[in-house]
Amino acid sequence: DAKTTQPPSMDCAEGRAANLPCNHSTISGNEYVYWYRQIHSQGPQYIIHGLKNNETNEMASLIITEDRKSSTLILPHATLRDTAVYYCIANNYGQNFVFGPGTRLSVLP
Amino acid sequence: SAVISQKPSRDICQRGTSLTIQCQVDSQVTMMFWYRQQPGQSLTLIATANQGSEATYESGFVIDKFPISRPNLTFSTLTVSNMSPEDSSIYLCSVATAQTGDRDEQFFGPGTRLTVL
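Predicted model only: the values in this text are computed from it and were never measured.

## What to know about the overall build of chain A
1) Next: Looking only at helices and strands, chain A features zero helices and nine strands.
2) Next: Secondary structure elements in chain A, listed N-terminal to C-terminal, are β-β-β-β-β-β-β-β-β.
3) Next: The C-alpha radius of gyration computed for chain A amounts to 13 Å, which stays within 12% of the reference 13 Å derived for 109 residues, consistent with globular compactness.
4) Next: Overall size of chain A, expressed as C-alpha extent along the three principal axes, is 40 × 30 × 25 Å.
5) Next: For chain A, the proportion of contacts with a sequence separation of at least 24, taken over those separated by at least 6, is 56%.
6) Next: As displayed, chain A offers around 5500 Å² of accessible surface, 49% of which is attributable to carbon and sulfur atoms.
7) Next: A gap of 3 Å separates the mean positions of the 8 positive and 9 negative side-chain charges of chain A.

## Regarding the packing of aromatic side chains
Residue and element names in this part refer to chain A.
1) Next: Across all of its chains, the model carries 13 aromatic pairs over all chains by this definition.
2) Next: Their ring planes at 55° and their centres at 4.8 Å tell us that Tyr34 and Phe97 sit as a pair that is tilted. Residue Tyr34 is found in strand β3 (residues 32-38), and its partner Phe97 is found in the loop between β8 (84-91) and β9 (103-108); the two are separated by 63 residues along the sequence. Side by side, Tyr34 and Phe97 carry an identical accessibility label, which is buried.
3) Next: When the centroid spacing of 5.7 Å and the interplanar angle of 75° are considered together, the rings of Tyr36 and Tyr46 count as edge-to-face. One end of the pair, Tyr36, is in strand β3; the other, Tyr46, is in strand β4 (residues 45-50), and ten residues separate them in sequence.
4) Next: Residue Tyr36 is classed as buried on the basis of its relative accessible area, which comes to 0%.

## Regarding the interface of chain B and chain A
Interface extent is often summarised as the accessible area lost during association of the parts.
1) Next: With 20 residues of chain B at the contact, the number on the chain A side is 20 residues.
2) Next: In total, about 1600 Å² of surface goes out of reach between chain B and chain A, with carbon and sulfur atoms giving 51% of it.
3) Next: Where chain B packs against chain A, one counts three residue pairs in polar contact (both at pLDDT 80 or more).
4) Next: Those elements that place two or more of their residues in the side of chain B that touches chain A are β4 (31-37), β5 (43-49) and β10 (105-108) of chain B.
5) Next: Grouping the amino acids of the side of chain B that touches chain A by side-chain chemistry returns nine nonpolar, five polar and six charged.

## Quick notes on the state of the cysteines
1) Next: The full count for this structure, using the stated rule, is two disulfides over all chains.
2) Next: Disulfide partner of B:Cys23: B:Cys93, at an S-S distance of 1.9 Å. Classification of the bridge connecting B:Cys23 and B:Cys93 rests on its S-S torsion, roughly -65°, and on that basis the disulfide is left-handed. One end of the pair, B:Cys23, is in strand β3 (residues 19-25); the other, B:Cys93, is in strand β9 (residues 89-97), and 70 residues separate them in sequence.
3) Next: Of the residues examined, B:Cys93 reaches a relative accessible area of 0% and is grouped as buried.
4) Next: With no disulfide partner, A:Cys12 has as its closest neighbouring cysteine sulfur the one in A:Cys22, 18 Å distant.
5) Next: Under the relative-accessibility criterion, A:Cys12 is labelled buried at 8%.

## Section: unusual backbone geometry
1) Next: Following B:Lys7, the chain continues to B:Pro8 via a peptide bond in cis, the omega torsion being -10°.
2) Next: Mapped onto the fold, B:Pro8 is located in the loop between β1 (4-7) and β2 (10-13).
3) Next: Backbone geometry places A:Arg68, a non-glycine residue, at a positive phi of 65°.
4) Next: For A:Arg68, the location among the structural elements is in the loop between β6 (61-64) and β7 (70-75).
5) Next: Overall, A:Arg68 belongs to the buried group, its relative accessible area being 9%.

## Brief notes about the pattern of salt bridges
1) Next: Considering all chains together, one arrives at two salt bridges over all chains under this definition.
2) Next: Between A:Asp82 and A:Arg37 there is a salt bridge, with its nearest N and O atoms 2.8 Å apart. In this pair, A:Asp82 sits in the loop between β7 and β8 while A:Arg37 sits in strand β3, placing the two residues 45 residues apart along the sequence. A single burial state applies to A:Asp82 and to A:Arg37, both of which are buried.
3) Next: Across the pair B:Lys65 and B:Asp87 runs a salt bridge whose closest N-O atoms are separated by 2.6 Å. Of this pair, B:Lys65 sits in the loop between β6 (56-57) and β7 (68-72) while B:Asp87 sits in the loop between β8 (75-80) and β9, placing them 22 residues apart in sequence.
4) Next: For B:Asp87, a relative accessible area of 5% translates into the label buried.

Reading guide: rules and limits
Residues numbered from 1 in each chain as written. Chains lettered and ligands numbered in written order. Predicted model: local features only at pLDDT ≥ 70, side-chain atom pairs only at ≥ 80, totals over all residues. Heavy atoms only, no water. Helix = DSSP H or I, 4+ residues; strand = E, 2+ residues; numbered from the N terminus. Rg over C-alpha atoms; globule rule 2.2 N^0.38 Å. Contact = heavy atoms within 4.5 Å. Areas by Shrake-Rupley, 256 points an atom, 1.4 Å probe, with all protein chains shown as cover. Lys, Arg positive; Asp, Glu negative; His and termini not counted. Charge placed at Lys NZ, Arg CZ, Asp CG, Glu CD. Phe/Tyr/Trp six-rings, centres within 6.5 Å; stacked < 30°, edge-to-face > 60°. Buried < 20%, exposed > 50% of the residue type's maximum accessible area, 1.4 Å probe, protein only. Buried area = accessible area lost by both parts, 1.4 Å probe. Polar contact = N/O pair within 3.5 Å; in protein donor to acceptor, adjacent residues only side chain to side chain. Nonpolar A, V, L, I, M, F, W, Y, C, P; charged D, E, K, R; others polar. Disulfide = S-S within 2.5 Å. Salt bridge = Lys/Arg side-chain N within 4 Å of Asp/Glu carboxyl O.

Take a look at the structure:
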């Protein structure tokens, strides 16, 4: 798996967009970018994944740069329940997910 | 998505004993994994549970300490053997499901919080 780097922590005001960056400069052509989050004391929750096109679902949007060396997860209207650790993972089919330390997002009232 | 349950949800055990954790999925899945999350840390993969054959362990983890079974496509167990306080962690089961026309997505169970005294 490609190594990913994320800021250790971020704050976001409730109701505003939370933009979480991830660098994956060594990603290979067939590795997808996955995002998970872990709310305290729970198992990680799948958010979204993509290869090279931007993706959107009911939870978030994923913006991947054209060179695929970085991506941004966007939570359009953050709520207090979005406070969690967010993990960015670059993964190839059939390979095991490698979790880094992630970004601890705090949504502030 | 797959619904995953784990038993027990938490336990407090004595040093030197063993605990078996169960993972049940509501549908047949291609792959099942066991992770450990030590206090304040990220997740570390212990092994891939293979149906009908021996599990595949990651570096630093051995079968004698963490025996794993996977008798069918919906169930797996992880045993933490001869426990010490350093084994105090959250143990998580995860599964990968092959989605038609898409990559495997991986889903996680709620975890088992183990405290070893």
